[in-house]
Amino acid sequence: MSQTSLTNLCLLTLLFGVISSDGDNELCTIYKSKNVETLSQPNTLKNLYWIHFPKAGTSFGNTVLHYVCPGLPPSASIPRIEDLTEDQRKVFSGSLVQLLLHEENIGDNKGMILSESRKCRSDGFEPTRRVVSHDPITLDLATSRRGVAMFRHPVNRLISAYNHNKHAFGLPNHKKMRKKTSNVKEYVAWRGISSCQTKMMVGRLCAEPFDVTERIYQQAELRLSTSLAFIGLVEHWNLSICLFHAMFGGSTHKVSFENVRAGSKISDFLSEKGIHTATLNRSESVSISENDDPWDTRLYQAATNIFVTRLKQYGFAIPQELT
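Visitor: An account of the pairing of strand β2 (residues 147-151) is needed here, citing residue identities and associated values.
Guide: For β2, the buried fraction is high: five of the five residues fall into the buried class. A two-sided burial pattern is seen for β2, the buried positions comprising Gly147, Ala149 and Phe151 on one face and Val148 and Met150 on the other. Of the pairings in the sheet, the one linking strand β1 (residues 49-51) to β2 comprises three bridges and is parallel in character. Considered in β2, the bridge of tryptophan 50 is made with valine 148. Examined bridge by bridge, β2 and strand β3 (residues 228-233) share five bridges and lie parallel to one another.

Visitor: Got a sec to walk through the packing of aromatic side chains? Specific residues and values, please.
Guide: Taken as a whole, this structure holds ten aromatic pairs when the rule is applied. With a centroid separation of 5.9 Å and an interplanar angle of 15 degrees, the aromatic rings of phenylalanine 60 and phenylalanine 230 are classed as stacked. With phenylalanine 60 in helix α2 (residues 60-68) and phenylalanine 230 in strand β3, the pair connects residues that are 170 residues apart, well separated along the chain. One exposure class covers both phenylalanine 60 and phenylalanine 230, and it is buried. Arranged with centres 5.2 Å apart and planes meeting at 85 degrees, the rings of tyrosine 67 and phenylalanine 244 form a pair that is edge-to-face. Of this pair, tyrosine 67 sits in helix α2 while phenylalanine 244 sits in helix α10 (residues 237-248), and the two are 177 residues apart along the sequence. This pair shows no difference in class: tyrosine 67 is buried, exactly as phenylalanine 244 is. Pairwise contacts between aromatic rings join Trp50, Phe60, Tyr67, Phe230, Phe244 and Phe248 into one cluster. The cationic tip of lysine 32 hangs over the ring face of phenylalanine 316; the distance from NZ or CZ to the ring centre is 4.1 Å.

Visitor: Outline the pattern of salt bridges, listing residues and values.
Guide: Pairing between side chains of opposite charge can happen when the charged atoms of each approach one another. This model, assessed by the stated rule, comprises seven salt bridges. Of the charged contacts, one joins aspartate 123 and lysine 46 as a salt bridge, the two residues approaching to 3.9 Å between their closest N and O atoms. Separated by 77 residues along the polypeptide, aspartate 123 in the loop between α4 (112-117) and β2 and lysine 46 in the loop between α1 (3-13) and β1 bring together distant segments of the chain. Linking arginine 298 and glutamate 214 is a salt bridge whose minimum nitrogen-to-oxygen distance equals 2.9 Å. Residue arginine 298 is located in helix α13 (residues 294-313), and its partner glutamate 214 is located in helix α9 (residues 214-226); the two are separated by 84 residues in the primary sequence.

Scoring rules and cut-offs
Residues numbered from 1 in each chain as written. Predicted model: local features only at pLDDT ≥ 70, side-chain atom pairs only at ≥ 80, totals over all residues. Heavy atoms only, no water. Buried < 20%, exposed > 50% of the residue type's maximum accessible area, 1.4 Å probe, protein only. Helix = DSSP H or I, 4+ residues; strand = E, 2+ residues; numbered from the N terminus. Pairing = 2+ DSSP bridges. Phe/Tyr/Trp six-rings, centres within 6.5 Å; stacked < 30°, edge-to-face > 60°. Lys NZ or Arg CZ within 6 Å of the ring centre and 35° of its normal. Salt bridge = Lys/Arg side-chain N within 4 Å of Asp/Glu carboxyl O.

In structure tokens form, the structure reads like this:
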């Protein structure tokens, strides 16, 4: 494992959540289909990289962490905001909540890099990428089929982003956007906000002011198959975690089914720092639709189709809303 990967591994393992759990693959038996003749067998995924779309499941980091590092305690977790000490909270940006564990925040914990790496597979993480980031797919990995990602319905993702201080990773004029947008409709219409997942699949940042075309979309959809080994859906979280382990092996842990970055907790934290957060009322929440983010809506449906195909392949019952 390279020094870059070891450094990033440390970022995930500096803090452990307080959740009592043991490896428990039986958590997934309730999703299994009773009418399956043959099942695909799991294959170990090596040198994986996580395409982490903003507001699409930071908690998936726990599954990635435990898969690559089976020697870690079952309760090892990306920290919950409410569990952080005052000193630990200082690593968060004053204007936008960031992931706690970035390289510049390691401090005096660099010694953990070597000790924690012994608990991990040497071929676990892609050595050229940060473990936790909102980095898009790069050209050199476009045909690697080693990426893992959780997709989220674009309306749900946009509402979550709006509630998270109008989240816009990669937008160059973020402060201006916050000032000029007074509701979720205006936020979504701001150039760069929509098409986040589509853009990241073709190497662009989530909120980069970049106009998607049909040709660009087709490239993004193609990469669902050529770049990603695993596709999960935030809206079917537990089933996605179970599918991941059915495909690649490893033990499930209860921490993988926990929401360690609940939106309400992030809003509370921002409020404590004196940062006003936009909050949708019920009428606003229905004022945006799939038509406001057509490219991501198409990509989400394509991702869903792959998800359903793999559920069948690995012996899971298909939820009624996906049939």
